[in-house]
Every structure is written in structure tokens, then in C-alpha cells.
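These are the residues of each chain, in order.
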Amino acid sequence: MAFEQVPVRNVEITSAFWSQMQRCSKEKTIPAIIKAQKSLQHWYCLTWKEGHEIQPHPFWDSDVYKIVEAACYFLMKNEDDELMATVEEAVDMIRGAQHPDGYINSYYTVLGIEKRWTNLRDMHELYCLGHLTEACVAYETLTNSRRLLEPVLKALRHVDSMFGSEQGKKRGYPGHQEIEIGLLRLYELCEEPVLLKLATYFVSERGRRDGNGETYFDHEARARGGDPYDHFGGEMKAWFEFPRDYSYNQSDRPLVETTEVKGHAVRAMYYYIAATDLVRLTGDKDVKKALDRLWTDLTESKLYVTGGIGAMRQWEGFGGRYVLGDTEESGICYAETCASFALILWCQRMLQLELNVQYADVMEIALYNGFLGAVGLDGGSFYYQNPLRTYNGHPKGRSQWFEVACCPPNVAKLLASMGSLIYSFKDDLVAVHLYIESEFTVPGTDIVVSQRTNMPWSGDVHITVKGSAALALRIPTWADGYTSSVGGDVKDGYLHIRQSQDLDVKLSFTLNPRKIYPNPATEKDQICIMRGPLVYCVEDVDNDVDVDSVGLLDESVTDGEPINIAAVNGVIPVKARGKDLVRGQNQLYSAQPWKYSDKKDLLFVPYFLRANRGGKGGMTVWAKRLEA
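Residues numbered from 1 in each chain as written. Predicted model: local features only at pLDDT ≥ 70, side-chain atom pairs only at ≥ 80, totals over all residues. Heavy atoms only, no water.

Caption draft 1: Here's a closer look at the pairing of strand 20 (residues 568–571). As defined by bridge partners, strand 19 (residues 563–565) adjoins strand 20 across 2 bridges and the pair is classed as antiparallel. Within the sheet, the bridge partner assigned to Ile563 lies in strand 20 and is Val571. Connecting strand 19 to the next strand, strand 20, in antiparallel fashion are 2 residues, including Ala566 with a positive phi near 55°. (Pairing = 2+ DSSP bridges. Helix = DSSP H or I, 4+ residues; strand = E, 2+ residues; numbered from the N terminus.)

Caption draft 2: Focus on the pairing of strand 8 (residues 460–466). Within strand 8, 5 of the 7 residues are buried, which leaves the element mostly enclosed by the surrounding structure. Note: strand 7 (residues 448–453) against strand 8, 6 bridges, orientation antiparallel. If you follow Thr453 over to strand 8, its bridge partner there is Val461. Counting the residues in the hairpin turn of strand 7 and strand 8 gives 6 residues. Here strand 8 runs beside strand 13 (residues 504–509); their pairing, made up of 5 bridges, is antiparallel. When the sheet's bridge partners are listed, Ile463 is paired in strand 13 with Val505. (Buried < 20%, exposed > 50% of the residue type's maximum accessible area, 1.4 Å probe, protein only.)

Caption draft 3: Representation of helix 8 (residues 193–205) in the model. The end-to-end C-alpha distance of helix 8, which contains 13 residues, comes to 18 Å, matching closely the 18 Å that a straight helix rising 1.5 Å per residue would cover. For helix 8, the full list of buried residues reads Val194, Leu195, Leu196, Leu198, Ala199, Tyr201, Phe202, Val203 and Glu205. Taken together, the buried residues of helix 8 touch helix 5 (125–143), helix 6 (149–162), helix 7 (179–190) and helix 10 (265–282). (Expected span 1.5 Å × (residues − 1). Contact = heavy atoms within 4.5 Å.)

Caption draft 4: Broad picture of the sheet that holds strand 1 (residues 4–5). Taken together, the 6 strands give an open sheet; going across it, the order is 1-4-5-9-12-11, and neighbouring strands pair in mixed fashion. Two strands bound the open sheet, and with one partner strand each, they are strand 1 and strand 11 (489–491). With 4 bridges joining them, strand 5 (residues 429–432) and strand 9 (residues 468–474) adopt parallel strand pairing. Along strand 9, the bridge assignment pairs Val432 with Leu473. Against the sheet, helix 13 (residues 357–371) contacts strand 9 and strand 12 (494–501), and its axis sits at roughly 70° relative to strand 9. (Axes fitted to C-alpha atoms, helices over the stretch in contact; angles between N-to-C directions.)

Caption draft 5: Structural detail: the sheet that holds strand 13. Sheet architecture is open: 6 strands sit in the order 2-6-7-8-13-10, paired in antiparallel fashion. With partners counted over all chains shown, the strands left at the sheet margins are strand 2 (11–13) and strand 10 (482–484), one partner each. Taken over all neighbouring pairs, the strand axes of this sheet differ in orientation by 10° on average, direction set aside. Both strand 6 (residues 438–441) and strand 7 contribute to a ladder of 4 bridges, which runs antiparallel. What sits directly across from Phe440, in strand 7, is Val449.

Caption draft 6: Representation of the pattern of salt bridges. One pass over the full model with this rule turns up 46 salt bridges. The shortest N-O distance in the salt bridge between Arg121 and Asp122 comes to 2.9 Å. For the pair formed by Arg121 and Asp122, the shared burial category is buried. Salt-bridge contacts for Asp297 lead to Lys302; the nearest nitrogen and oxygen are separated by 3.0 Å. According to the relative accessible area criterion, Lys302 is buried, its value standing at 4%. It is possible to trace a salt-bridge network through shared partners that takes in Lys515, Asp525, Asp554, Arg625 and Glu627. (Salt bridge = Lys/Arg side-chain N within 4 Å of Asp/Glu carboxyl O.)

Caption draft 7: Summary view of the packing of aromatic side chains. A complete count under the given rule lists 25 aromatic pairs for this structure. Each ring, one from Tyr201 and one from Phe202, has its centre 5.6 Å from the other, and the planes form 55°; the classification is tilted. In this pair, the class of Tyr201 matches that of Phe202, namely buried. Each ring, one from Tyr435 and one from Phe509, has its centre 5.2 Å from the other, and the planes form 50°; the classification is tilted. (Phe/Tyr/Trp six-rings, centres within 6.5 Å; stacked < 30°, edge-to-face > 60°.)

Caption draft 8: Up close: the side chain of Asn386. Residue position: Asn386 is located in the loop between helix 13 and strand 3 (389–390). For Asn386, a relative accessible area of 2% puts it in the buried group. In terms of polar contacts, Asn386 uses its side chain to reach the backbone carbonyl oxygen of Ala335, at 3.0 Å. A distance of 2.8 Å separates the side chain of Asn386 from the side chain of Arg610, its partner in a polar contact. Every residue in contact with Asn386, bar those within four places of it in the chain, is listed here: Cys333, Tyr334, Ala335, Glu336, Thr337, Gly370, Ala374, Tyr607 and Arg610. (Polar contact = N/O pair within 3.5 Å; in protein donor to acceptor, adjacent residues only side chain to side chain.)

Caption draft 9: Main features of the nonpolar core. If you look at the biggest cluster of nonpolar residues, it comprises 211 residues, and the most contacted ones within it are Trp18, Phe202, Met269, Tyr272, Trp346, Leu473 and Val621. Contacts of Val621, omitting those with residues within four sequence positions, involve Val305, Leu388, Ile527, Cys528, Val535, Tyr536, Cys537 and Tyr607. (Core = buried A, V, L, I, M, F, W, Y, C linked by side-chain atoms within 4.5 Å.)

Caption draft 10: Geometry of the packing of helix 11 (residues 285–301) against helix 13. Taken N-terminus to C-terminus, the directions of helix 11 and helix 13 make an angle of 50°; their axes are 13 Å apart at the nearest point. As judged from the angle between their axes, helix 11 and helix 13 are oblique. Considering how the two elements wind past one another, helix 11 and helix 13 form a crossing that is left-handed. Counted together, Lys288, Asp292, Trp295 and Thr299 of helix 11 and Gln358, Tyr359 and Val362 of helix 13 form the full contact between these two elements. Grouping the constituent residues of the contact of helix 11 with helix 13 by class yields 3 nonpolar, 2 polar and 2 charged. (Parallel < 35°, antiparallel > 145°, perpendicular 65-115°, else oblique. Left-handed = near helix turned anticlockwise from the far one by under 90°. Nonpolar A, V, L, I, M, F, W, Y, C, P; charged D, E, K, R; others polar.)

Caption draft 11: Here's a closer look at the environment of Lys491. The residue Lys491 is located in strand 11 in this model. Assessed through its relative accessible area of 56%, Lys491 is described here as exposed. Each C-alpha atom, one on Lys491 and one on Ile475, is 9.8 Å from the other, the two residues being 16 residues apart in sequence.

Below, the structure written as C-alpha cells:
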């Protein structure tokens, strides 16, 4: 039996660190997103009719849906009449946008409904509908009103009438995966059989080829008068690596035959999330074997130390094994915020299948590093890409909004629902994946599990259980040893404590700063500093060195005195020693070797806090390794 995902309502996060992040998201991020949407008129795209003077982007609908979903998660914990009114306004627009046969999409409503379903490869009809379906799950969980459930089920039945393996239907699937996640989430909410059937079809059909080696997208291109080697009037998509590059959207082969993560990183993660849910619901062993292969390929050769994924800027996705550059300028450090967001959710789903510390470790790293720093401490500015190095004189500031605005709503969605990441449960067993001060009430019982901790700054955790339950407590691989006041058996990185009444467990993880070295295949003889789950970086604002050329001595690193950075109190910096490169030569090539300055003290701060305090813009996670 798989572990159940924890409802958002059942977890109260009391951590000073994370509750501040959540409060900032509710009070600043959500209003900032809504304001931007309305000021740009994107919010109203669902009300537009054919021939409207503004042509929506194919994905604008999804931004509205994600805002609704994020807002509903916050409203499950806190009443807010103004925010609820905004949600209901969106629901009214959605209901009014639906065509008689169930179809909903502003792009083709404005462009001409007769063109719908002609380009699944490049358009976002099914992608948008997937986000609407996820919004429906959140809205109906909040209200139980059926105001969104009815139009969404009608829309999905329309999709089922169009696509499938049955005679007379198109054998298509989305160019951008997402609807598969929504279908399975809504199936678990209302148990409509057509939802599971359609999701199973989309996952299993993807990548199938006919006797000529062609995919659905080849046939679709010809049907609309094009050539599958071209895009829109003869111009190939700039982000395809080559013509008919169906690995871009993971449709080059069926999932069960796939051995390597390729293509667009967000598309891949959404695909794997849905496939993992499908394994949990159907027990498909072949799909699980494929997911295990892909997990290994990702985590052993294509995952940034920050939990970022997707190095290649051209196609916003994966490159070859160990291709993990650090800078945007190199074109091989994209690390899109949405990709880390989706990786976190894939880890969550894998943990529902089986408790294994590797999934929780990656989830935690991505949460604290690749994801969290994507929103500024002001709550209203965002990163789309998250490079590991920036240069003096070329600061990378966060943006108020993006034309492609997928990242800000995903930040709000995750922060609003992150209580569901901390725990999972089945029968009388509660698993603790993340050590975040909080209280969890097991659904349908009087069992309450509480954590008191100052993570990520301290390694001490006090867990209490009211009622009778067993515990599975994660032992992070970053911990340099641990102690527990209650004994148990460790399996796959979780300490299993047998069921008993009113448990009281004191855990202590040794939490010291440590140096990380990359695989030689990366061709980087460099050092990164971590402390617990946090990746650290050196910024020019803290250091009297040229961050563009600083080297790190291979000596011990130690904790610094706690400091406050903006709204984050008690930050533990890390102290290290390094040298500055003496830039004496101006020639491209010289007969003289590089020279370094005398030793200097360096101060490192958590990567998620980067670019919040001004400075010249210099920042790096990795520093050249120098012999002591």
C-alpha cells in the first residue's frame, strides 16, 4: 500500500523561517501576480471573443488557473474575503468561456475555433486544461461547491471524445505535459473513471511510432499543411536541437523504453510526476522500472548541486551527462524555477511509492536552493533562470514579471501547499521527510504529530506524537552523525520507530559546514560549500575580493556568527579562506602563469539569499580549488 499525500489543511507550519516565507507569499507574492496579470490585461483573456484586438498567448489561460490554485491553498488556512472574491471572479470567467461542447481555451476562441486541436505539438490547449484541472482540485477541496467541477468535467469529457485509441479518435497527446497530472489528481478527488482512462492513454501513447517510424506529431504537421521537419511556414522552432527533435518533449519513444532524461526539463518532470501517480494507482511495474532508470540518470549526472535542472538554454532542458555549466553567458546553466518546482513534486510522488532517503534528500536540496531563491525577499520579484555564477558589473536582478509567466505562480503554489511535503502517512505509520517546525493531524484520527526545530540553522529536532502511531524519521545523508532518544531500525535512510502511545523523540543531527567536490567528468576542479541542506555562495557585497576570480583554499570551513539578512533572522554564514587572482596580464595568451594574492578571509551566505542586498553583482557557488 502506497503512502497518502497529506492534505494542506492538516498541517500547520509554525517554523519562524518557513511561516515568514509563506506569509510573504500570501501578502505580497499573490497580490503582485494578480496586479501584474490585471494591469497587462492577461487576467481577462478568458472573457475575450473571436476577433478580439489582443491575441492571447497560447499559455495565458494557465497563469489564471495557477493563481486560482495557489490562492485556494492559502484560503484553506486563512480566510481572506478579497482574495476569495478574486478566485470567484476567475471561476465566473472560466464558466463563461466554455463552448457548448465543453471546449475552453482563449487562444483559439480569439484566433478561430475551427483551428483548435490542429497543433498539439506547439500549442498549449491540453497544458492549459491540465492547470485548470489542478485548480479545480484545489477549489473544490476548499469550497465543495461543484462550481468548477462541473465545467471541468465537461471539458475533460470533450477531450476524451477527441483523443484515444478508439476508432475515429485522434491518437494525439500534449506537446507540453501537464494534463496528465491534473487528470489523476481529479480522479483521486471524484473517482470518475474517464479521468484515469484518459491519463493512462496520454502516458502510454506518448512516443509511439508507426511502421514508418513516424509519430503523431509527424501526421499532425502534414494534416495542417506543413512538413514535420518545419515549423510554421518553414521556420523550425529555435529551441529544437534538430528537425523532428521529439526528445524535446519526451515523445521520441514510449516511456517504458526510455533510459535517459532528455529535452525540456519542465515537460520531463511533469511527465514523470504523472507517471509516478499512475504507478501508484495502477501498479504498472514497467513504468516504475523506467522511472527508476530516469531517476538514476538525472541524479547521477544531470542535477545541479543546488537542485536545479536543465542546463541547456536553447531548449530549456537537459544536455549530455555531466554538462553542468554555471553561467547564463555560457548557455549551459538555465536551471528554470519551474523545473526545480516540478522536481520537488516528483520527489514527493516517489516517496509515496517507497520511503527512500534519496528522494527526500533531493526534494530538500531543491526546495531550499534551486527553488527558494527564485523569489526575492520582497515577495514580489522573481527569477526565471537560476545560474550558479554571476559577474561583477553584470548583476542578475529579479524581475517583477515575465512575458512567459509560468514561474511566479508556481512559487506561490508550492509555498502555499508545502505542508504536504513534510509528512506522508499510511495506516498508523507517519513518515517525516522534512524537519520543519509544524503540527500534523492525521486525517480521520486524533493522532497529532508535532515538530519543534530551528532547521535549517540547527540540527536539533523534538518530535512528539499524541495518540498511538509508528514513525519513520528521515536520516539525511548530509548529517555527520545523529542521535535519537528512541531506538529503532534504519531502512533506506529512515529510522523506523515501532508504534506506541504518545511518543516523544529527540533527534540531533550533527550539522557542520562541509566542502563538496564535483565528479571529474564535469571538468571542474572546484569547491562548493554546504551546511545541512543549504548550498552557500560568496558575494562581493560581503567580501573584499574580486568574486569573478576568487579561489578557495582546500582548508577547513567553519560557522560564522549569526547575522540577519533582510527579513531572515539568525542566518548562519560560513567562514573560509581563499585567494584573489592577480589580474596583471591583458593579453589573451601569455607566457606567465596565474598569480594569486595572499590569503584572505571569505564569508559565504546561503545561495537562496543571493542578490538581495545590492553590491556589484558578483556571486559564485563554485570556486577554484587552491592548494593550502
